[in-house]
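Understanding the architecture of this molecule
Listed below are the residues making up each chain.
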Amino acid sequence: MIVEPKAKGFICTTAHPVGCRENVCNQIAYAKSKAKEYRSMSTRPKKNVLIIGCSAGYGLASRIAAAFTAGCNTLGVMYEREASGKRTATAGYYNTKAFEEMALQDGLYAQTINGDAFSKDVKEQTIRKLKQDLETVDLVIYSLATPKRTLEDGTVVSSVLKTIDKPFTTKNLNLYHNVIEQATLEPATEEETQNTICVMGGEDWKDWIDALKEADVLSQGALTLAYSYLGPDLTYPIYQSGTIGQAKRHLQKTAEIINRIHPDVKAYISVNKAVVTQSSAAIPGVPLYLSILYKVMKEKGLHEDCIMQMVRLFTDRIGRKEIATDEEGRIRLDDLEMESVVQEEVTRIWEEVTTETIKSCCDLDGYWEDFYKIFGFGIKNVDYSQDVEV
Ligand code: NAD
């Protein structure tokens, strides 16, 4: 059938199998182009990597960098939907099919468990698979982003994107009408904040590490990373000091707990750059920030996407003998985003931008290009007029 993009709110309800494959191929080509550099400088060879949240955004890029830059075997965990009837599969499903095929072609182990990473069952399945195929893992990457978590007793907990204490009104880019408007975020109740911490905080990361340790499938000196974001003053009330920021603080505390209770495991938070993914598009104010940031960073030759960030994570951070961190022990990949020349320019444009000047002030095309790319659309060399097998 012919697959067309159907954007709805912050997501696209269709995904193009050939486009997703091409997107993965392009990321693999970039990752491979840095393999020599990695081999020449890496003092920490990794062999087996487990990626929890492996099928999209930063998790997918981590998997591609692990396999094609660092030459690792990868076991992935994702929560994606297969195609049924005329309904396409999710992009993550197609991405993973393409990734597995290409990793196998290069002689790399690549298997994926499709199920709810929060569940005990998926943790047990993963451990069985590890014991059977890889014995131990050297690196565990935790890259889940989700609005919901189902607890073992069946209770569904939802996260919210709200402020703490008081409402906050911010400039917002309404991407569907191309207008600058005001968006107000209401403060969360204590219960909503705790629920957001339950979904996006560190509890499940720690459950994974405890379970892997207990099953004796972590190699001596294994590394584990969870991803976070800090962002500038502009998004501070929404992000850092909002409910999601509370969850990220919990994630950071969890790294300290893992390091304390498992002395032979090293846990780090990696603070990554803001990029367009299914998750970031949903945060009020963030699309405006992203489209200005893209413009400024591209003009300064500093722009990076998920795969560039994750290749840099391997080559310049975790591949090194000494892993460079900030004073709070975090790996920083948002260093270029947070440079004062970038932030000063972004702030100036943010203050100036109006509906009339959106096109000249923001990289709207770059934003939409990245948004559609997530779902396999708008990719060069793909003929979208052709029938495809979904
Ligand atoms: P994403 O939406 O692109 O990908 C999320 C991944 O999680 C997918 O592979 C999905 O299958 C998986 N997933 C979701 N629920 C699951 C479940 N219950 N079981 C198994 N797998 C599940 O997200 P992303 O933007 O790449 O975010 C990943 C991490 O990176 C998050 O912690 C996020 O906060 C962080 N981060 C994102 C940005 C950004 O700008 N996007 C910046 C810095 C840090």
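To be clear, the structure that these remarks concern was listed above.
Residues numbered from 1 in each chain as written. Predicted model: local features only at pLDDT ≥ 70, side-chain atom pairs only at ≥ 80, totals over all residues. Heavy atoms only, no water.

**Describing the environment of aspartate 383**
- Mapping aspartate 383 onto the fold places it in the segment after helix H13 (364-374).
- Judged by its relative accessible area of 40%, aspartate 383 is partly exposed.
- When the C-alpha positions of aspartate 383 and valine 18 are compared, they lie 8.9 Å apart, and in sequence the two are 365 residues distant.
- A polar contact is formed between the side chain of aspartate 383 and the side chain of serine 385, at a distance of 2.6 Å.
- Here the side chain of aspartate 383 touches glutamine 386 through a polar contact of 3.2 Å, side chain to side chain. (Helix = DSSP H or I, 4+ residues; strand = E, 2+ residues; numbered from the N terminus. Buried < 20%, exposed > 50% of the residue type's maximum accessible area, 1.4 Å probe, protein only. Polar contact = N/O pair within 3.5 Å; in protein donor to acceptor, adjacent residues only side chain to side chain.)

**Thoughts on the sheet that holds strand E5 (residues 110-114)**
- One open sheet accounts for seven strands, arranged E5-E4-E3-E6-E11-E12-E13; its pairing is parallel. Only two strands of the sheet have a single partner each, and these edge strands are E5 and strand E13 (331-332).
- Packed onto the sheet, helix H3 (residues 57-69) meets strand E3 (48-52), strand E4 (73-78), E5, strand E6 (137-142) and strand E11 (218-228) and runs at close to 170° relative to E4.
- Relative to the sheet, helix H4 (residues 91-105) contacts E4 and E5, its axis offset from that of E5 by approximately 155°. (Pairing = 2+ DSSP bridges. Contact = heavy atoms within 4.5 Å. Axes fitted to C-alpha atoms, helices over the stretch in contact; angles between N-to-C directions.)

**Let's talk about the site of the ligand**
- In the vicinity of the ligand there are 28 residues, among which Ser55, Tyr58, Glu80, Lys248 and Thr277 approach most closely.
- Take glycine 53: an N or O atom from its main chain is 3.5 Å from an oxygen atom of the ligand.
- Within the contact set of the ligand, an oxygen atom lies 3.4 Å away from a backbone nitrogen or oxygen of leucine 144.
- About the coverage of the ligand: the protein hides 92% of its 830 Å² of free accessible area. (Near = heavy atom within 4 Å. Areas by Shrake-Rupley, 256 points an atom, 1.4 Å probe, with all protein chains shown as cover.)

**A word on the packing of aromatic side chains**
- All told, the structure shown has 10 aromatic pairs when counted by the stated rule.
- When the centroid spacing of 6.4 Å and the interplanar angle of 75° are considered together, the rings of tyrosine 93 and tyrosine 94 count as edge-to-face.
- Taking 5.4 Å as the distance between ring centres and 85° as the angle between the ring planes, the aromatic pair formed by phenylalanine 371 and tyrosine 372 counts as edge-to-face.
- Residue phenylalanine 371 is classed as buried on the basis of its relative accessible area, which comes to 2%.
- An aromatic cluster is built from Tyr367, Trp368, Phe371, Tyr372 and Phe375, whose rings are joined through pairwise contacts.
- The ring of tyrosine 268 carries lysine 266 above its face, with NZ or CZ at 5.1 Å from the centroid. (Phe/Tyr/Trp six-rings, centres within 6.5 Å; stacked < 30°, edge-to-face > 60°. Lys NZ or Arg CZ within 6 Å of the ring centre and 35° of its normal.)

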